[in-house]
Amino acid sequence: MSTDSAMSSLISPDTSVSPHPTLKLGVMASGSGSNFEAIAQAIADRQLNAQIQVLIYNNPGAKVAARADRWSVPSVLLDHRNFSSREALDEAIVSTLQQRGVEWVIMAGWMRIVTPVLIAAFRDRILNIHPSLLPSFKGNRAVEQALKAGVKIAGCTVHRVVTEVDSGEIIMQAAVPVLPDDTPERLQNRIHAQEHCIYPRAIALAASQVSID
Ligand code: GAR
């Protein structure tokens with residue numbers, strides 16, 4: 001076990017997860033897509049009983065699109081710059097997700113605020129990952145916020161998405177120590193490692209708590 005993983009701890013163990021049918025996921029991402037990759041890998045390793053129906057991304061150059069290609073996951077670019085409002089973008093997102101038979105929406109580094117248009121279409125079935133121990137450090141630059149505040153423990157949170165940003169029910173968290181010589185990049189890297197560990201488990205846990213009619 002590496003020093004980092006030894007020092008990081010899972011706060012919300014998933015002991016209550018029960019078997020569930022294959023989950024049909026739609027992943028939304030804006031950037032690198034390392035969480036997309038971790039979820040795809042967990043599915044391939046049979047740690048998560050799910051299938052990624054589609055990746056939606058909003059930045060033409062996002063690395064996540066190449067990752068989707070490598071995993072043979074269809075991807076759809078919905079560039080927010082081509083929509084007149086957040087609601088118009090979310091209508092296109094809902095339509096894309098519904099056409100692909102998506103049941104669970106997984107925001108994995110999706111850097112846009114979502115509206116009631118999306119939230120109402122997938123009520124209780126939208127998850128987000130955020131690089132802080134919510135409810136601390138909501139919004140942008142959460143890792144920098146944590147360093148600036150001088151906290152000794154940082155971390156990440158998977159939560160249900162509600163209209164208020166970074167505020168829905170917490171599903172799972174992992175804690176990461178802040179080291180004396182930490183830079184935002186170093187701390188972010190250690191948080192990322194924990195995100196990859198908890199997101200697939202949190203998806204299974206959330207799905208075991210909500211049934212699809
Ligand atoms: C992750 O650290 C995730 O927590 C964060 O973006 C990163 C995406 O990384 N999300 C937010 O800050 C949302 N407010 P990835 O593209 O490598 O998965």
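Anything mentioned here points back to the structure above.
Residues numbered from 1 in each chain as written. Predicted model: local features only at pLDDT ≥ 70, side-chain atom pairs only at ≥ 80, totals over all residues. Heavy atoms only, no water.

Brief notes about the site of the ligand
As a reminder, the rule being used: Here a residue counts as near a molecule or strand whenever at least one of its heavy atoms sits within 4 Å of it. A 3.5 Å cut-off defines polar contacts: any pair of N or O atoms within that distance qualifies, except that in protein one atom must be a possible hydrogen donor and the other a possible acceptor, and neighbouring residues in sequence count only when both atoms are side-chain atoms. Here, Shrake-Rupley sampling with a 1.4 Å probe gives the accessible areas, and only protein chains in the shown set may cover a residue. Only protein atoms enter the 1 Å grid used here. Points where a 1.4 Å probe fits but cannot escape make up a cavity, open sets with protein on both sides within 12 Å along at least five of seven lines make up a pocket, and a residue lines them when an atom lies within 4 Å of a point. Molecule-in-pocket calls rest on the fraction of atoms, with more than half required to lie within 2 Å of the cavity or pocket grid points.
By nearness alone, every residue bordering the ligand is listed as Ser32, Gly33, Ser34, Asn35, Gly109, Met111, Ile129, His130, Pro131, Gln188, His192 and Glu195. Interatomic distance of 3.0 Å between a side-chain N/O atom of histidine 192 and an oxygen atom of the ligand. In the complex, the protein chains occlude 88% of the 450 Å² of accessible area that the ligand would expose alone. Among the detected pockets, the ligand sits in the largest pocket.

Quick notes on the pairing of strand β2 (residues 23-29)
The two faces of the sheet receive side chains in turn, since in a regular strand these alternate between them. Stated precisely, the cut-off is as follows: Burial classes: relative accessible area under 20% of the type maximum marks a residue as buried, over 50% as exposed, and values in between as partly exposed (1.4 Å probe, protein chains only). Only runs of H or I of at least four residues qualify as helices and only runs of E of at least two qualify as strands under DSSP, and these elements are numbered from the N terminus. By the convention used here, strands pair only if DSSP detects at least 2 bridges between them.
Counting buried positions along β2 gives six out of seven residues, so the element sits mostly inside the fold. Relative to strand β3 (residues 50-57), β2 runs parallel, the two being bridged by seven bridges. Residue pairing across strands places leucine 23 opposite alanine 50, the latter belonging to β3. When β2 meets strand β5 (residues 104-107), the two strands line up parallel, connected through four bridges. Bridge assignment links leucine 25 to a residue of β5, and that residue is tryptophan 104.

What to know about unusual backbone geometry
Leaving glycine aside, a negative phi is the common case for residues, and trans is the common case for peptide bonds. That bond from leucine 134 to proline 135 is cis: its omega, 15 degrees, falls within 30 degrees of zero. Located in the positive-phi region is phenylalanine 137, a residue other than glycine, with phi close to 60 degrees. Position of phenylalanine 137 among the secondary structure elements: in the loop between β6 (126-130) and α6 (142-149). The backbone of arginine 141 shows a phi angle near 50 degrees, a positive value even though the residue is not glycine. On the secondary structure map, arginine 141 appears in the loop between β6 and α6.

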